[in-house]
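For reference, the chains in residue letters:
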Amino acid sequence: MVPGLEKGNSVKIKWNLIVIIWIFLPLITLGSKQIKPSQPDRSVSAVRLTNTNIDIDGRLDDKIWIEIPRQSQFLQRNPDDGAAPSQQTEFAICYDTDFLYIGVRAYDDQPDQITGILTRRDESSPSDWVYVSLDSYNDHRTAFEFGLNAAGVKQDLRRFDDDSMDFDWDAVWEGAVSKDSEGWTAEFAIPFRELRFNNADELTWGLNVYRELPRHDNELAIWSHWSRAETGFVSNYGELTGLKGIQAKNPLYISPYIMAQRGMDDQNLTDFDDHENSTNIGADIRKSFALGLTFSGTVNPDFGQVEADPAEFNLTEFESYFREKRPFFMEGGNILNFSLGFGDGDNSSNTLFYSRRIGRAPQGYAETGDAEDYSIETPENTRILAAGKLTGKLDNGLSIGVMSAATAEEKATVTYSDGTQSQNVVEPATKYLLTRVQKDYREGLTTLGGIFTATLRSLDETDMDWLREKAFTGGLDFGHRFGNREYDFTSSLAFSHVIGSEDAILNTQLHPSRYFQRPDAPHLTVDSLATSLSGYGGKIILGRNWDHYSAYGGILATSPSLEVNDLGFMRAVDNINEFFWLSYREWEASEIFLNYQINFNQWVNWTFGGEMKSFGGNVNGNGTLANNWQFSSGLNFNIGGIVPYHLHGGPSIQGPNNLNAWVFLGTDGRRELSVSGNASYFYNDDEVKSFNMSPSVNWRPRENISLAIGPDFNYLDDTWAWITAMVDTTNDPHYIFSGLKLAQTSITFRADVTLSTALSLQYYTQVFLTGGDFHDFVEVDDNTSKDFDERFRSWPNQNLSFEEDGSLGGIDIDQDGIIDYEPDSYVYSDFNHKELTSNMVLRWEYSTGSVMYLVWSRGAAADESFWSGDIDIGGDLRSLFDLNANNIFLIKVNKLLNI
């Protein structure tokens, strides 16, 4: 080893090199000759209406649609890039003081083959669609998009960062469609108040119109065409001119709601739970301002109509990530996002803002003392008192996002056998703050942004000082496209600073995400007197997109002290990850393929102490066959390094090499009946094996009914699953593992019945079954050995002592009847968990933006401390449906007021 490049110093040099590159590479590329976005090839001038009204009925029979010129000459982008489309499309645009009107004529020489599937708003379907996309900022990066399918179903979304999409953005607008012998037509009436732009005497916007025709090999025809070999999306739009005398509107929307719910179980239909029986009122508020900013607020929100999270049984040290489903936090969430990840692996969800932290499940537990006979009532989630956000983009290219939220203090109630009760706080009152800014340069090809977040907990008069009292994070991010948009540089730097009691910061240091107490990690130390902790992280990624190829490489790093999980999400820190990805895409159809893509990946992962955790790579591919069947497959190989967390704070342990393969195949999704399935297999040098199979069936018996069922089967045969840490008579630690046979099955069923574009019924149910049998107990002997028999020492059953519930109680080394090892932490034992969740929602949009929900939610669960090892899905299902289930009936009505 070169002098001065010991493990710790080498990592410091790596991190210093990251910072140097982050600072100087943008300066180098900024100084080079840059090519700005090309001027649009297509342009259309909107016609001003005078004393003319348009009836939005979808028929295009108003006089104005006959008189004004129409645009045509669309080109395919899929499947035959650059060719003339199979069917002609025309559109025209006009406007008045309040609305932008777009009329689209979609010619079809087989009008009886036009497909229009009736679904709820914003649902994707293999229908005929037309879309209008407006870059009203004219920044070549942002667009507001509106779509109609041939059944009149609306879809709207917001495009950002040129080629990213936010499907959760919703606007208030009108649209209608009509079919005739020439094909079908669509009319859009888009209020200017729903768009974001800055006032001027005459406006020029970016514009694109495109049409999807699934039955012709998923044909996509675009008015302002750019080839598949070119990058970007919004930056390739044409121009919409002629908008004169239009002023940005500043509407105020208030949507008050009233909600009532009642909870009961199957056996006691009159026995109600106080937490599940309530009435509630609240309101959502949205106000636009002249500067291009929009305020969205919610007071006492309720999300009872939101579908429950999928069931899981997590045996790992790490938290699971669940996507956001609550409308207030979904809409515009991308503006507030600050990613520290990349790709689609474990690092992809790393972020400084994870909105699920707001309204999270309480982190504390009910205090029962020495009582043995009691019942507990604990709220499932923390009540959100109020939340607000201000988002938008100024005319100088500055995007702004500010969000604040407050949650209530929550208490658990314990009722004892004598009727007395006690309460204790399980979640303190908390305030959250986030500020996000980003500035565009060079017509959006260069961006520079920053973020700051704060979490403030009110811990006074609670017994929860083991939580962090204050938490702050911040960061800078930089994006830069150069070389005619062929090269892409992305980077970010972030910091965290948390404050709390000595117990709170000690808990942070000992958390599984970092394990500062590891005895074999000289770069980690525990400070039991600390009342604060600071850390940092970042990423540097450089990519190139050219012709059929894409290549990206970079480094992602998170220091051991980085802590973002008060308002962000990150499973583990103390990580430096280098990666490289190369992809080849073929979009020209052949006799076998409509398109396909092949990917090659490589990665290396270290700790900040220079310990290698893994080195591996994979090759995978995906595509569409000529019959429109979908496929994907891949092979993953990883050379094992040290695993820093398997001994739960003990030393690291050597990990094995492993191999993983997967395959997916799906039939033509345009058909009434489609079937798909994926399977994966995992194996490592320690003879750990797992298998997963997930088939699914989708059936549309009618164009307004959709049924789907998707079972999922998992089987794991592990040779070293964590059991517990034990201590001997000298208090030395011993780390106990065992074999584990685990079977897990879930069955998910969905039914959607759409009676009209405003009235729909959705039903969702999931059955979740899992069982685990621990056997063949072993103790870590040589944690550095690659050989399993050297790494572990086997303990026969005659040396083991078990508790009444079947859990391991101790180890008697010499079988003298005296326990030599006793558990020092939680002991994992056999389990059998069953869970049933269902949700039925009737949704009626009785006027534009005003909705009534009728909801029935049902849930049941059971746990046993024994599993025979036999898989009996039928018997488990019967026993599950016999359980006493909890039911919640809810009605919620809101009314949109435009003031």
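Above this text is the structure in question.
Everything numeric in this text was worked out from a predicted model, so none of it was measured.

Side note on the pattern of salt bridges
Throughout the structure, instances matching the rule amount to 35 salt bridges. With its nearest N and O atoms 2.8 Å apart, the salt bridge here joins arginine 105 to aspartate 180. Placement of arginine 105 in strand S5 (residues 99-107) and of aspartate 180 in strand S10 (residues 174-180) is noted, with a sequence separation of 75 residues between them. Across the salt bridge formed by arginine 383 and glutamate 410, the nearest N and O atoms sit 3.1 Å from each other. Of this pair, arginine 383 sits in the loop between strand S18 (374-377) and strand S19 (384-393) while glutamate 410 sits in strand S21 (residues 410-416), placing them 27 residues apart in sequence.

Brief notes about the side chain of lysine 834
Tracing the backbone through its elements, the reader meets lysine 834 in strand S45 (residues 831-847). Lysine 834 has contacts with Phe768, Leu769, Ala860, Ala861, Ala862, Glu864, Asp876, Ser879 and Leu880, leaving out every residue within four places of it along the chain.

Description of the packing of aromatic side chains
Evaluation of the coordinates by the stated rule reveals 41 aromatic pairs. Both rings, one in phenylalanine 144 and one in tryptophan 169, keep their centres 5.2 Å apart while their planes meet at 45 degrees; by these two values the pair is tilted. Residue phenylalanine 144 is located in strand S7 (residues 143-149), and its partner tryptophan 169 is located in the loop between strand S9 (164-166) and S10; the two are separated by 25 residues in the primary sequence. We classify phenylalanine 144 as buried; its relative accessible area is 3%. An aromatic cluster is present here, built from Tyr137, Phe144, Phe146, Trp169, Trp173 and Phe188 joined pairwise through their rings. The residue whose ring lies beneath arginine 105 is tyrosine 107, and the NZ or CZ to ring-centre distance is 5.5 Å. The aromatic ring of phenylalanine 328 is capped on one face by lysine 389, whose charged end is 4.7 Å from the ring centroid.

Quick look at a negative patch on the surface
A contiguous patch of negative charge on the surface is contributed by Glu367, Asp463, Asp465, Glu502, Asp503 and Asp527. Mapping glutamate 502 onto the fold places it in helix H5 (residues 502-510).

Some remarks on the nonpolar core
Grouped together as the largest cluster of nonpolar side chains are 40 residues, with contacts concentrated most on Leu100, Leu134, Phe146, Phe188, Trp205, Leu207 and Leu240. Each residue touching phenylalanine 146, except ones within four places of it in the same chain, is listed here: Val130, Tyr131, Val132, Leu134, Gln155, Asp156, Trp169, Ala171, Trp173, Phe188, Ile190 and Leu195. Residues Ala405, Tyr432, Leu434 and Leu562 belong to the second largest nonpolar core, which totals 21 residues.

Overview of the environment of glycine 58
With respect to the secondary-structure elements, glycine 58 resides in the loop between strand S2 (47-48) and helix H2 (63-67). Taking the C-alpha atoms as reference points, glycine 58 and glycine 175, 117 residues apart in sequence, are found 7.3 Å from one another. Leave out the neighbours within four places in its chain, and glycine 58 touches Ala176, Val177, Ser178, Thr185, Ala186 and Glu187.

Some details on a nonpolar patch on the surface
On the surface, Ile598, Phe600, Met612, Phe615, Val619, Leu635, Phe637, Ile639 and Leu659 cluster together into a nonpolar patch covering about 700 Å² of accessible area. Contributing elements (two or more residues each) for the nonpolar patch: strand S30 (593-606), strand S31 (612-625) and strand S32 (630-640). Within the fold, phenylalanine 600 resides in strand S30.

Observations regarding the sheet that holds S18
Taken together, the 3 strands give an open sheet; going across it, the order is S18-S21-S22, and neighbouring strands pair in antiparallel fashion. Of all the strands in the sheet, the pair left with one neighbour each is S18 and strand S22 (421-427). Along the sheet, successive strands turn relative to each other by an average axial angle of 25 degrees, direction set aside. Bridge count between S18 and S21: 4 bridges; the pairing is antiparallel. Bridge pairing links isoleucine 376 to valine 414 in S21.

Some words on unusual backbone geometry
Look at the link from asparagine 78 to proline 79: it is a cis peptide, with omega at 0 degrees. In this structure, proline 79 sits in the loop between strand S3 (75-78) and strand S4 (89-95). At aspartate 162, a residue that is not glycine, the phi angle is positive and equals roughly 75 degrees. Along the chain, aspartate 162 turns up in the loop between strand S8 (154-160) and S9.

So, how was this worked out
Residues numbered from 1 in each chain as written. Predicted model: local features only at pLDDT ≥ 70, side-chain atom pairs only at ≥ 80, totals over all residues. Heavy atoms only, no water. Salt bridge = Lys/Arg side-chain N within 4 Å of Asp/Glu carboxyl O. Helix = DSSP H or I, 4+ residues; strand = E, 2+ residues; numbered from the N terminus. Contact = heavy atoms within 4.5 Å. Phe/Tyr/Trp six-rings, centres within 6.5 Å; stacked < 30°, edge-to-face > 60°. Buried < 20%, exposed > 50% of the residue type's maximum accessible area, 1.4 Å probe, protein only. Lys NZ or Arg CZ within 6 Å of the ring centre and 35° of its normal. Patch = residues over 30% accessible without salt bridge, like charges linked within 9 Å, V, L, I, M, F, W, Y side chains within 5 Å. Areas by Shrake-Rupley, 256 points an atom, 1.4 Å probe, with all protein chains shown as cover. Lys, Arg positive; Asp, Glu negative; His and termini not counted. Charge placed at Lys NZ, Arg CZ, Asp CG, Glu CD. Core = buried A, V, L, I, M, F, W, Y, C linked by side-chain atoms within 4.5 Å. Pairing = 2+ DSSP bridges. Axes fitted to C-alpha atoms, helices over the stretch in contact; angles between N-to-C directions.

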